[in-house]
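Understanding the architecture of this molecule
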Amino acid sequence: DGWKKTYLSWPGIGEQPRDPNVRGFDDLVATVERHLGAEPCDLLAHSMGGPIAISATLRNPGRVRRLVLAVTSGGLPALREFMHDWRPEHRAKYPQAATWLADYDRDLTPHLPRIRVPTLLLWGDSDPISPLLIAERLRGMLPDAKLHIVKGGAHDLVSSHASELCTLVAEHLR
């Protein structure tokens, strides 16, 4: 579609080069905030981008129109026992990456009911990193959330099922 889009990467994460101005989670939230326009915008986030988008939405009431959250922890550390710990594999694969994102453990649970924007939750039923329990809990805490489950979808859901999800996202953002 002809929507204006801004794609953000996370400096120091994975293969992204480090940025000396990004020293932690709050710096990533501030990066998103710098890209929020004068008019309310939509935020789409995958995995650890979820707590960043949620935090930006909470810190900027009225500036986010809609959310799309895909296979994220959603800032629910209490459910970590049900999640596969991806951090050792990530550190082994990306030894040069910043460690602070993998150490993120803020609990956004008490703040989630304040997010009253329409939210689309995209989840796979085969994701050990962010299992369906997280999606179901988010759906229960976010006042205007809808959940779409992809059979056989794993943590790479956004890329592996892109054609199926594009239609859902476009409908949600209209």
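Refer to the structure printed above.
All chains use their own residue numbering, which begins from 1 and follows the written sequence. Local features in this predicted model are restricted to residues of pLDDT 70 or higher, and side-chain atom pairs are both shown and tallied only at a pLDDT of 80 or more, whereas totals for entire chains, interfaces and linings draw on every residue. As a rule here, side-chain values come from all non-hydrogen atoms in the structure, and water together with hydrogens is ignored.

Describing the state of the cysteines
Cut-off, in case you're wondering: Cysteine sulfur atoms that come within 2.5 Å of each other are treated as a disulfide pair.
For the structure on display, the rule yields 0 disulfides. Cys166 supplies the cysteine sulfur nearest to Cys41, a cysteine that is in no disulfide, at a spacing of 19 Å.

Digging into the sheet that holds strand S3 (residues 119–124)
Quick reminder of the rule: Only strands that DSSP links by at least two bridges are regarded as paired with each other. Secondary structure elements are taken from DSSP: a helix is a run of H or I of four residues or more, a strand is a run of E of two residues or more, and numbering for both begins at the N terminus. Simply put, an axis is a line fit to the C-alpha atoms, just over the touching stretch for a helix, and the angle between two N-to-C directions goes from 0 to 180 degrees.
Strand order in the open sheet formed by 4 strands is S1-S2-S3-S4, and the pairing between neighbours is parallel. Each edge of the open sheet is held by one strand with a lone partner, namely strand S1 (41–46) and strand S4 (145–150). Averaged over all pairs of adjacent strands, the angle between strand axes in this sheet comes to 15°, irrespective of strand direction. Of the strand pairs in this sheet, S3 and S4 are connected by 6 bridges, and their pairing is parallel. Looking at the pairing, Leu121 lines up with Leu147 of S4.

A word on the packing of helix H1 (residues 25–35) against helix H2 (residues 49–59)
Defined as follows: Handedness of a crossing is defined here by the sense of rotation of the near helix relative to the far one, left-handed for an anticlockwise turn of less than a right angle and right-handed for a clockwise turn. We call two residues in contact whenever any of their non-hydrogen atoms come within 4.5 Å of each other. Residues are sorted three ways: Asp, Glu, Lys and Arg are charged, Ala, Val, Leu, Ile, Met, Phe, Trp, Tyr, Cys and Pro are nonpolar, and all the rest, Gly among them, are polar.
H2 packs onto H1 with a crossing angle of 65° between their chain directions and a minimal axis gap of 9 Å. Our pair here, H1 against H2, has a crossing hand that is right-handed. On H2, the residues that touch Phe25, Asp26, Leu28, Val29, Ala30, Val32 and Glu33 of H1 are Pro51, Ile52, Ser55, Ala56 and Arg59. Residue composition of the contact of H1 with H2, by class: 8 nonpolar, 1 polar and 3 charged.

Quick notes on the side chain of His155
Here His155 is to be found in the loop between S4 and helix H5 (157–160). Residue contacts for His155: discarding those within four places in its chain leaves His46, Ser47, Val71, Asp127, Ile129 and Ser130.

Focus on helix H4 (residues 132–141)
Note the threshold: Each residue is assigned to one of three classes by its accessible area relative to the maximum for its type, calculated with a 1.4 Å probe on protein chains only: buried under 20%, partly exposed between the two thresholds, exposed over 50%. Arc definition: directions from the helix axis to the C-beta atoms.
Along H4, the residues classified as buried are Ile134, Ala135, Leu138 and Met141. The buried side chains of H4 occupy one side of the element, clustering within an arc of 130° when seen end-on. Those residues of H4 hidden inside the fold are in contact with S3 and S4.

Section: the nonpolar core
Heads up, the rule is: The nonpolar core is taken to be a set of buried Ala, Val, Leu, Ile, Met, Phe, Trp, Tyr and Cys residues, with the residues joined through side-chain atoms within 4.5 Å.
Counting 48 residues, the largest nonpolar core has Leu43, Leu112, Ile115, Leu122, Leu138 and Leu142 as the members making the most contacts within it. Contributions of two or more residues to this core are made by H1, S1, H2, strand S2 (64–70), S3, H4, S4 and helix H6 (162–173). When residues no more than four places from it in sequence are discounted, the contact partners of Leu43 are Val32, Leu36, Ala53, Ala56, Thr57, Val64, Arg66, Leu67 and Val68.

Considerations on the pattern of salt bridges
Condition: Any carboxyl oxygen of Asp or Glu within 4 Å of a side-chain nitrogen of Lys or Arg constitutes a salt bridge here.
As enumerated under the stated definition, the model contains 4 salt bridges in all. Measuring nitrogen to oxygen at the nearest pair gives 2.9 Å for the salt bridge that ties Asp42 to Arg65. Note that Asp42 is positioned in strand S1 and Arg65 in strand S2, a separation of 23 residues in sequence. By relative accessible area, which is 31% here, Arg65 ends up partly exposed.

Regarding the environment of Arg106
Heads up, the rule is: Polar contacts, as counted here, are pairs of nitrogen or oxygen atoms within 3.5 Å of one another; within protein the pair requires one atom able to donate a hydrogen and one able to accept it, and residues that are adjacent in sequence qualify only if both atoms are side-chain atoms.
Tracing the chain through its elements places Arg106 in the loop between helix H3 (87–93) and S3. Placed 11 residues apart in sequence, Arg106 and Val117 show a C-alpha to C-alpha distance of 21 Å. When sequence neighbours within four positions are dropped, the list of residues in contact with Arg106 reads Phe25, Asp26, Gly75 and Pro77. A polar contact of 2.8 Å, which involves the side chain of Arg106, links it to the side chain of Asp26.

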